[in-house]
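Commentary on secondary and tertiary structure
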Amino acid sequence: MNVKSKRLVIAISGASGMIYPLRLLKSLPAAYQVELIISDPAKKIMEDETGWNCDRQSAADFLSEKYGQDQKLKNIRLWTDDNFYAGPASGSYFTEGMVVCPCSMKTLSGIANGYAQTLIERAADVNLKERRPLILLIRETPFNRIHLENMLKAHDAGAVIVPANPAFYHYPETIEDLVDFIIARILNLLKIEQNLFTGWQEEID
Ligand SMILES: Cc1cc2nc3c(=O)[nH]c(=O)nc-3n(C[C@H](O)[C@H](O)[C@H](O)COP(=O)(O)O)c2cc1C
């Protein structure tokens, strides 16, 4: 692996909130190589919510159209969700961790119960067994008992459950302000430098 690039797996499953993975991809330093996996339901919801057709336009092209030319430099490799020959399907393929963003209740269940039936579930399983960070940006409301039990199972297996519920104490003015609060928390968990949000009282140091 190129020493300048660090691999990060970003998986997009079929929940509402497709602005989250777009802001995550936008905010990730260019030195990262993104291993992107998008489920079939997620592709449809992505197009509905953001206009991005993942099969027709590359992620870097869409990001550059939306957020500016520098996004074209992003190193993003797209894998299909049924490709078990993909790098992230194996523990021997080193990555810094994985974010499922957003994470549907179906994908949460698959991960919590070790299904490994899609590439997203398998890659998450690999991250848990290799003790690498696995962050699940879950999106549903309200939760039933099955959702809650699956969250606890995934948590106990080593995943971090990050609900898509932003705070309001930073006086957000736009949807992007709300979303970036969550993205900043995800980047902090991965120990990736970010300038989206200053932590509580950090500015006084
Ligand atoms: C427009 C739309 C929005 C959806 N939003 C959610 C959601 O927020 N959370 C959720 O758990 N499922 C949601 N679903 C249902 C999932 O897409 C569905 O359960 C699917 O099987 C998930 O598959 P995947 O996890 O493999 O992507 C939504 C479906 C549609 C069509």
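Residues numbered from 1 in each chain as written. Predicted model: local features only at pLDDT ≥ 70, side-chain atom pairs only at ≥ 80, totals over all residues. Heavy atoms only, no water.

Ranked by internal contacts, the top residues of the largest apolar core, which has 37 residues, are Ile10, Leu24, Leu28, Leu36, Trp52 and Ile186. Going through the elements one at a time, strand E1 (6-12), helix H1 (19-27), strand E2 (32-38), helix H2 (40-50), helix H3 (59-67), strand E4 (98-103), strand E5 (134-138) and helix H7 (175-189) are the ones with two or more residues in this core. If one sorts the elements of this core by residue count, H7 sits on top with seven residues. Non-local contacts of Leu36, meaning those with residues more than four positions away in its chain, are made with Ile10, Ile12, Trp52, Ala59, Ile76, Arg77, Leu78 and Trp79. Grouped together as the second largest cluster of nonpolar side chains are 24 residues, Met105, Leu108, Ala124 and Met151 included. (Core = buried A, V, L, I, M, F, W, Y, C linked by side-chain atoms within 4.5 Å. Buried < 20%, exposed > 50% of the residue type's maximum accessible area, 1.4 Å probe, protein only. Helix = DSSP H or I, 4+ residues; strand = E, 2+ residues; numbered from the N terminus. Contact = heavy atoms within 4.5 Å.)

With that settled, consider H1. Burial within H1 is extensive, with seven of its nine residues counted as buried. Taken residue by residue, H1 has Tyr20, Pro21, Leu22, Arg23, Leu24, Leu25 and Ser27 as its buried positions.

With five of five residues buried, E5 is to be regarded as a mostly interior element. Burial along E5 is two-sided: Leu134, Leu136 and Ile138 facing one way and Ile135 and Leu137 facing the other are all buried. Two strands pair when backbone bridges link them, and E4 and E5 are joined in this way by four bridges, in the parallel orientation. Within the sheet, the bridge partner assigned to Val100 lies in E5 and is Leu136. Pairing of E5 with strand E6 (residues 160-163) involves four bridges; the strand directions are parallel. Residue pairing in the sheet places Ile135 in a bridge with Val160 of E6. (Pairing = 2+ DSSP bridges.)

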